[in-house]
Amino acid sequence: MSSSAKPLIRVTVWGEYRHEKKNPKVAKLYPQGMHQTIADALAKLGGGDFAVRTATLDEPEHGLSDAVLDSTDVLTWWGHMAHGDVSDAVVAKVRRRVLEGMGLIVLHSGHYSKIFKALMGDTCSLTWREATDKERLWVTCPSHPIARGLPPYIELPAEEMYGEPFGIPTPDELIFISWFTGGEVFRSGATWRRGNGNIFYFRPGHETYPTYHNPLVQQVIANGVRWAHSGLRIKDQAPNMKPLEPLPPDPEAAERPTEGHK
Ligand code: ZN
């Protein structure tokens with residue numbers, strides 16, 4: 001019997017969870033960690049469609065065991081001060097899952113994470129400033145699912161500035177462009193397809209500001225989860241194909257090596 005129920009989207013919110021333990025200002029804003037604030041918002045905004053759990057750097061395998069990754073439809077990633085502490089083996093496992101179809105949402109300083117750089121194949125560098133900037137994120141693609149329910153722009157009264165040039169490959173879709181008080185602009189919301197996986201980068205979220213408590217920021221991340229979810233896992237393989245129609249005689253058949261591609 002078929003069911004009309006929407007598929008449950010299994011979300012893992014990954015947080016580095018180091019700033020919150022070291023900086024009292026960050027701990028005050030996010031007493032349970034930024035990842036928990038994001039996870040709580042997603043659980044609420046998912047309206048029963050999201051099954052949300054968290055994982056952090058200092059757990060075994062950074063909380064990203066094979067069992068967790070195999071039961072994650074969309075992974076969100078926030079890291080900053082400890083990108084170098086993320087094991088290359090875990091990065092390789094996450095990358096493989098993204099290529100198979102797992103969605104990935106990279107937040108703020110995650111632009112310099114090993115996983116984002118590996119998937120972008122670029123520097124992912126940018127200009128930055130921690131000062132008194134206001135940020136205004138303009139929606140450049142109002143019909144996009146990630147922009148659903150949003151006003152024409154989101155204004156954040158105080159944020160870290162990120163400016164162009166942003167060292168990313170040309171995005172498949174650009175959803176937001178930010179303007180900052182200091183005059184800079186930045187491609188703040190962008191998507192790519194890598195293999196079978198959907199990737200969304202979303203800029204705001206410096207740890208010393210209450211950005212992840214902002215309802216519109218939370219809405220964007222929830223929209224991003226729905227957009228990135230494919231429900232697919234397509235294993236990478238390079239099969240040898242038998243022809244579907246009869247082929248003419250192959251004059252080089254005797255000389256052709258028989259071993260397959262490695
Ligand atoms: Zn930052």
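Residues numbered from 1 in each chain as written. Predicted model: local features only at pLDDT ≥ 70, side-chain atom pairs only at ≥ 80, totals over all residues. Heavy atoms only, no water.

1. Topic: the coordination of the zinc ion
Within the first shell, the zinc ion binds the protein through His108 (NE2), Glu160 (OE) and His206 (ND1), at distances of 2.0 to 2.1 Å. If you list the donors of the zinc ion from N- to C-terminus, the spacing comes out as H-x51-E-x45-H. Taken together, the residues span a long stretch of sequence, with His108 in the loop between β4 (103-107) and α6 (114-120) and His206 in the loop between β11 (197-202) and α7 (215-228) at a distance of 98 residues. The class for His206 is buried, based on a relative accessible area of 2%. (Donors = N, O, S within 2.8 Å, 3.2 Å for Na, K, Ca; no water. Helix = DSSP H or I, 4+ residues; strand = E, 2+ residues; numbered from the N terminus. Buried < 20%, exposed > 50% of the residue type's maximum accessible area, 1.4 Å probe, protein only.)

2. Structural notes on unusual backbone geometry
The step from Glu164 to Pro165 runs through a cis peptide bond, and the omega angle for that step is 5 degrees. Its identity as a non-glycine residue notwithstanding, Tyr17 has a phi of 60 degrees, on the positive side. Note on placement: Tyr17 falls in the loop between β1 (9-15) and α1 (19-22). With a phi close to 55 degrees, His62 is a non-glycine residue in the positive phi region. Among the structural elements, His62 can be located in the loop between β2 (50-56) and α4 (66-70).

3. Focus on the packing of helix α3 (residues 34-45) against α7
In contact at an axis separation of 9 Å, α3 and α7 are set at 70 degrees when each is read in the N-to-C sense. The angle between the axes of α3 and α7 places the two elements in the roughly perpendicular class. Considering only the axes of α3 and α7, their crossing is right-handed. From α3, Ile38, Ala41, Leu42 and Leu45 reach across to α7, where they touch Gln218, Gln219, Ile221, Ala222, Val225 and Arg226. Of the residues assigned to the contact of α3 with α7, the class counts are seven nonpolar, two polar and one charged. (Axes fitted to C-alpha atoms, helices over the stretch in contact; angles between N-to-C directions. Parallel < 35°, antiparallel > 145°, perpendicular 65-115°, else oblique. Left-handed = near helix turned anticlockwise from the far one by under 90°. Contact = heavy atoms within 4.5 Å. Nonpolar A, V, L, I, M, F, W, Y, C, P; charged D, E, K, R; others polar.)

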